[in-house]
Amino acid sequence: MSRKRVRGEDNTKLKMAEAISTRSVGAGEWQGSELLAQNGSDTSFCSSSQTLMLSQSLRFAAPFSTDPIAVAERECCAYGRVARAAAAAGTAGRRVRVYSDGIYDMFHQGHARQLQQAKTVFPNVYLIVGVCNDQLTHSRKGRTVMTEDERYEAVRHCRYVDEVVRDAPWEYDEAFMEKHKIDFVAHDDIPYTTEDCDDTYAMIKSKDMFVATERTEGVSTSDIVARIVRDYDIYVRRNLARGYSAKELNVSFLNEKKFRLQNKMDELKDKGKKVMTNIGEKRVDILTKWEEKSRELIDAFLLLFGPDGRLSSIWNESKGRLMQALSQPPSPRASPPPSENGDDSQDRALALASAHDAAPAPALARALAHARAHRSSASPPPPKSRRYETLWEPQAGNWMRRALKGWGRKRPHSAS
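In short, a report on the structure.

Definitions and cut-offs
The residue numbers shown here count from 1 along each chain, following its written sequence. Totals for whole chains, interfaces and linings use every residue, but because this is a predicted model, local features are given only for residues with pLDDT of at least 70 and side-chain atom pairs only at 80 or more, for both listing and counting. Calculation of side-chain values draws on the structure's entire complement of heavy atoms; hydrogens and water are dropped beforehand. Here a helix means four or more residues in a row that DSSP labels H or I, a strand means two or more in a row labelled E, and each is numbered from the N terminus. A simple rule labels every residue: compare its accessible area, found with a 1.4 Å probe on the protein chains alone, to the largest value its type can have, and call it buried under 20%, exposed over 50%, or partly exposed in between. Residue contacts are counted whenever heavy atoms from the two residues lie within 4.5 Å of one another. Surface accessibility in these figures is a Shrake-Rupley result with a 1.4 Å probe; residues are shielded only by whichever protein chains are displayed. For Phe, Tyr and Trp, rings pair up if their centres lie within 6.5 Å, where Trp contributes its six-membered ring, and each pair is then called stacked (planes under 30 degrees apart), edge-to-face (over 60) or tilted (otherwise). We count a charge as sitting over a ring when the NZ of a lysine or the CZ of an arginine lies within 6 Å of the ring centre and within 35 degrees of the ring normal.

## Concerning the overall build of the protein chain
Moving on, step 1. Scanning the protein chain from terminus to terminus reveals 19 helices and five strands.
Moving on, step 2. Looking at the 416 residues of the protein chain, the share that counts as buried comes to 31%.
Moving on, step 3. Taking the contacts inside the protein chain whose residues are at least 6 apart along the sequence as the reference set, 66% of them involve residues at least 24 apart.
Moving on, step 4. Carbon and sulfur atoms make up 55% of the accessible area of the protein chain, which amounts to about 29100 Å² in all.

Below, the structure is given as structure tokens:
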């Protein structure tokens with residue numbers, strides 16, 4: 001072995017150790033990198049680096065193909081054709097470099113399962129994943145949801161990935177395969193046609209370098225996009241509720257108001273359901289408490305509104321006072337009617353004497369005797385049938401004159 005070759009291998013070991021040490025954070029990893037730099041065996045160096053990188057793959061994202069650690073790994077690999085049988089038996093003497101590529105837009109479990117299959121296709125695999133850029137993807141397959149940088153980051157954070165190749169080509173050639181020292185290509189077995197060929201992987205398959213993986217049925221980026229388009233209104237309302245503006249969502253003014261109104265209605269429905277649920281849970285407690293308090297409520301009601309209750313007593317008292325206030329006062333005692341001859345003084349005197357239950361006074365006795373004498377001497381009044389006929393006759397007796405005089409007088413006003 002020439003000195004130049006030995007010196008080149010030593011430089012490769014040092015680069016590898018430096019690249020690994022820059023990614024190491026723990027004391028044990030630092031010691032591992034020092035052992036790698038001191039170890040003089042190529043086989044032990046590569047196996048130690050594999051163990052250390054496997055440990056670091058769970059702590060760090062996969063490097064890009066241009067990163068120092070990926071370059072050191074590639075230079076450490078003695079590239080040569082690895083037979084499929086040797087790769088399957090794990091007797092290749094190094095890690096088998098398997099390449100897989102794709103768009104990986106909206107990275108989902110179907111992508112992860114495909115990379116898992118590529119990683120476990122052989123016992124000892126170093127998985128390299130190529131991701132196409134936006135320009136090539138848009139021209140060949142259509143617009144993507146995620147940008148190329150977002151897709152790069154999504155892939156390199158998958159735990160099955162050891163290295164990521166940016167700006168991956170749509171078709172392969174020998175130069176690309178040798179540059180990345182690719183042993184096998186892992187992809188699903190569906191032919192991918194282009195304008196120039198019927199199958200992009202035809203050359204790889206002819207060299208027995210193709211490893212088929214299985215697609216996950218029912219899960220794809222196209223299916224996810226179709227769900228979003230189908231439930232467009234729901235997702236627009238969701239993002240409006242989370243604070244996105246109508247301009248950011250490319251929604252018109254009227255649609256924005258419609259979606260916000262729908263959100264309010266849904267909130268009211270949810271609140272109503274919660275209230276009904278709470279009522280259903282507390283219904284038993286409410287009934288129990290009501291049974292306990294019902295007797296007290298009934299007793300209180302009867303005490304107020306019963307026939308002997310307080311309100312009835314108050315009403316009866318108020319009704320009596322009201323009737324007393326509205327009733328007509330009693331009329332004064334009526335005087336006895338006058339006698340037919342118009343002279344009732346005797347009757348009045350007798351009534352007064354009988355009321356006081358006393359003997360009449362001498363003056364009163366004389367007045368009564370005079371009235372009797374006058375009544376006996378005067379002519380009797382004419383019968384009723386002749387009164388009005390002889391009203392204006394000059395020969396009318398004393399009775400008629402008194403009647404005419406009495407009509408001519410003005411009656412005094414009563415004191416009331």
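## A closer look at unusual backbone geometry
Moving on, step 1. The backbone of Asp 167 shows a phi angle near 55°, a positive value even though the residue is not glycine.
Moving on, step 2. Along the chain, the position of Asp 167 falls in the loop between strand S3 (163–166) and helix H9 (174–179).
Moving on, step 3. Notably, Asn 250 is not glycine yet its phi reads approximately 60°, a positive angle.
Moving on, step 4. Along the chain, the position of Asn 250 falls in the loop between helix H13 (246–249) and helix H14 (253–305).

## With respect to the packing of aromatic side chains
The geometry of an aromatic ring pair comes down to the distance between the two centres and the angle between the two planes.
Moving on, step 1. Counted under the stated rule, the structure contains nine aromatic pairs.
Moving on, step 2. Centroid distance Tyr 99 to Phe 176: 5.4 Å. Interplanar angle 80°. Geometry classified as edge-to-face. With Tyr 99 in strand S1 (residues 96–102) and Phe 176 in helix H9, the pair connects residues that are 77 residues apart, well separated along the chain. Across the pair, Phe 176 and Tyr 99 agree in class, each one buried.
Moving on, step 3. Ring geometry for Tyr 172 versus Phe 176: centroids 6.1 Å apart, planes at 20°, classification stacked.
Moving on, step 4. By relative accessible area, Tyr 172 is classed as buried at 10%.
Moving on, step 5. Residue classification places Phe 176 among the buried positions, given a relative accessible area of 12%.
Moving on, step 6. Connected via pairs of aromatic rings, a cluster forms that spans Tyr 99, Tyr 172, Phe 176, Tyr 192, Tyr 201 and Phe 210.
Moving on, step 7. The cationic tip of Arg 166 hangs over the ring face of Phe 64; the distance from NZ or CZ to the ring centre is 4.0 Å.

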